[in-house]
Structure formats: C-alpha cells, structure tokens
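# Topology and contacts: notes
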Amino acid sequence: MTFTFRSVDPLKDGELLHSWVTHPKASFWMMQDAKPEDVERVYREIAADEHHHAYLGLHDGEPVFLMEKYDPAHRELVGLYEPRPGDVGMHFLVAPTDTPVHGFTRAVITAVMAHLFEDAAVRRVVVEPDVGNKAVHALNETVGFVPEREIQKPEKRALLSFCTRERFAAATGVAV
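All values derive from a computational prediction rather than experimental measurement.

The next subject is the overall build of the chain. What the chain contains, in helices and strands, is five helices and seven strands. For the chain, the N- to C-terminal ordering of α and β elements is β-α-α-β-β-β-α-β-α-β-β-α. Its C-alpha atoms give the chain a radius of gyration of 15 Å, near enough to 16 Å, the size a compact globule of 176 residues would have. Overall, the chain is about 40 × 35 × 30 Å in size when its C-alpha atoms are taken along their principal axes. With 176 residues in all, the chain has 44% of them scored as buried. In the form shown here, the chain has an accessible surface area of approximately 9200 Å², with 53% of it arising from carbon and sulfur atoms. Mean positive and mean negative side-chain charge positions of the chain (19 and 27 charges, respectively) differ by 5 Å.

Quick look at the packing of aromatic side chains now. Taken as a whole and judged by the stated rule, the model has five aromatic pairs. Each ring, one from Phe 3 and one from Phe 104, has its centre 5.7 Å from the other, and the planes form 75 degrees; the classification is edge-to-face. Here Phe 3, found in the segment before β1 (4–7), pairs with Phe 104, found in helix α3 (residues 104–117); they are 101 residues apart in sequence, far enough to count as distant. For Phe 3, a relative accessible area of 10% puts it in the buried group. Judged by its relative accessible area of 14%, Phe 104 is buried. With centroids separated by 5.7 Å and ring planes inclined at 35 degrees, the aromatic side chains of Phe 117 and Phe 168 adopt a geometry described as tilted. Note that Phe 117 is positioned in helix α3 and Phe 168 in helix α5 (residues 165–172), a separation of 51 residues in sequence. Take Phe 117 and Phe 168: they sit in the same class, and that class is buried. A network of ring pairs unites the aromatic residues Phe 3, Phe 5, Phe 65 and Phe 104 as a single cluster.

Attention now moves to the nonpolar core. With 26 residues, the main nonpolar core has Met 90, Phe 92, Val 112, Met 113, Val 125 and Phe 145 as its most contacted residues. Sorting the residues of this core by element identifies β3 (62–70), β4 (87–94), α3, β5 (124–127) and α4 (134–142) as the ones contributing at least two each. Sort the elements by how many residues they give to this core and α3 lands first, with nine residues. Not counting residues up to four positions away in its chain, the partners in contact with Val 112 are Phe 5, Phe 65, Met 67, Met 90 and Phe 92. Judged by nonpolar contacts, the second largest core, of 17 residues, contains Val 21, Ala 34, Tyr 43 and Ala 95.

As a further point, take the side chain of His 18. With respect to the helices and strands, His 18 occurs in helix α1 (residues 10–21). With relative accessibility at 18%, the residue His 18 sits in the buried group. The residues touching His 18, leaving out its near neighbours within four places in the chain, are Ala 34, Lys 35, Pro 36 and Val 39.

All buried positions along α4 are accounted for by Val 136, His 137, Leu 139 and Asn 140. Buried residues of α4, seen end-on, are gathered within an arc of 165 degrees and therefore sit on one face of the element. Along α4, exposed side chains directed more than 90 degrees from the buried face belong to Lys 134, Ala 135 and Glu 141. Count one or two residues on from α4 and you reach Gly 144, which has phi positive near 110 degrees.

Let's shift gears to the pairing of β4. For a regular strand, the rule is simple: side chains alternate between the two faces of the sheet. β4 sits mainly inside the fold: seven of its eight residues count as buried. Pairing between β3 and β4: six bridges, direction antiparallel. Considered in β4, the bridge of Lys 69 is made with Met 90. Sheet topology places β4 next to β5; three bridges connect them, and they run parallel. Its bridge partner being in β5, Gly 89 is matched across the sheet by Val 126. Since β4 and β5 lie parallel, the crossover through α3 that links them has a hand, and here it is right-handed.

The rules behind the values
- Residues numbered from 1 in each chain as written.
- Predicted model: local features only at pLDDT ≥ 70, side-chain atom pairs only at ≥ 80, totals over all residues.
- Heavy atoms only, no water.
- Helix = DSSP H or I, 4+ residues; strand = E, 2+ residues; numbered from the N terminus.
- Rg over C-alpha atoms; globule rule 2.2 N^0.38 Å.
- Buried < 20%, exposed > 50% of the residue type's maximum accessible area, 1.4 Å probe, protein only.
- Areas by Shrake-Rupley, 256 points an atom, 1.4 Å probe, with all protein chains shown as cover.
- Lys, Arg positive; Asp, Glu negative; His and termini not counted.
- Charge placed at Lys NZ, Arg CZ, Asp CG, Glu CD.
- Phe/Tyr/Trp six-rings, centres within 6.5 Å; stacked < 30°, edge-to-face > 60°.
- Core = buried A, V, L, I, M, F, W, Y, C linked by side-chain atoms within 4.5 Å.
- Contact = heavy atoms within 4.5 Å.
- Arc of directions from axis to C-beta.
- Pairing = 2+ DSSP bridges.
- Right-handed = clockwise from strand over helix to strand, strands pointing away.

What follows is the structure in structure tokens.
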C-alpha cells in the first residue's frame, strides 16, 4: 500500500479533521467535544509552530490519516525525559471508516515511520500514547517500539516508548 504526505491546510482541512478527531474511535485524541473552529485553531497553531508539524496521509489521492511530528525537546515531553539529538515525536490517527481493511492501520504506521526516518537526522522516534490505549501499544510493538516507562503528562498518564532506525528496520524489513 502506497501513501503520500502533504501538510495540513487548517482552513481547507479543518472540517475533515473535525470529523476524524471527534469520532468515537478517536477518543484517545482527546478532542471529542471540539467544535470545528477549535480544530481549525489547533491546526493553525501547529502550522505556525516551528517545532510541530501536521500532515495528511493520502491513499490514491484521498486523505486517510493524520500524522503529527514534533520536537520533543520543545513540545509535548519537555521535562518528562532527557531528549537525545535525533529524537522526533510522533502522533497518528487513521480516519474512521465503515469498511475497515485488514492490515491498513499497520500499513499506515509503517509508512509514517518510514517517512520520519527519510530524514537522515532522525535517529529515534518517541511516542507517548495513553496507558489505556492497548491497541496502539500492540501496534507500536509491531514496528519496533520499546516501552520505557509510564509518565504523567498534564492531560493523561502515558507510556513513553522509543523506536530506533535499527529496531524499525528489524521489525518491519523496511530499509531506512
């Protein structure tokens, strides 16, 4: 499965993103009660932030997932772990669908990780999903993430996990 990436356009993509982040399956995104203007504002702030970027993942030209990358030395994890040079933080959300395709979410996270590792400066991907999000913990493991410890963020108890280039390649067979 082939995906392409493009930057989120907060004005153009706001309505679509609102439908995704407020969907019941996106409860761990913590935007269930957001209004369309809230979602647009969040993504305008991200678009203006040099340390945080949002992308839509496209399949056959259609948006099918959201990916955010951030610099954990400046966003999300400041003071919660010791960042290393080459660390990049990541979030992803697959669009809700009435017709799930077996293996699709795994293909998405594999594409997201390969995309992040295309940047030669990236040595390690950092994630901090909610400790209760068992499905994403299992999925993260399939692409090489290793949990380090639980951390307390302002909005949630999170499982801090890391994936190096080498672990990703070993877990997926994708050369990076």
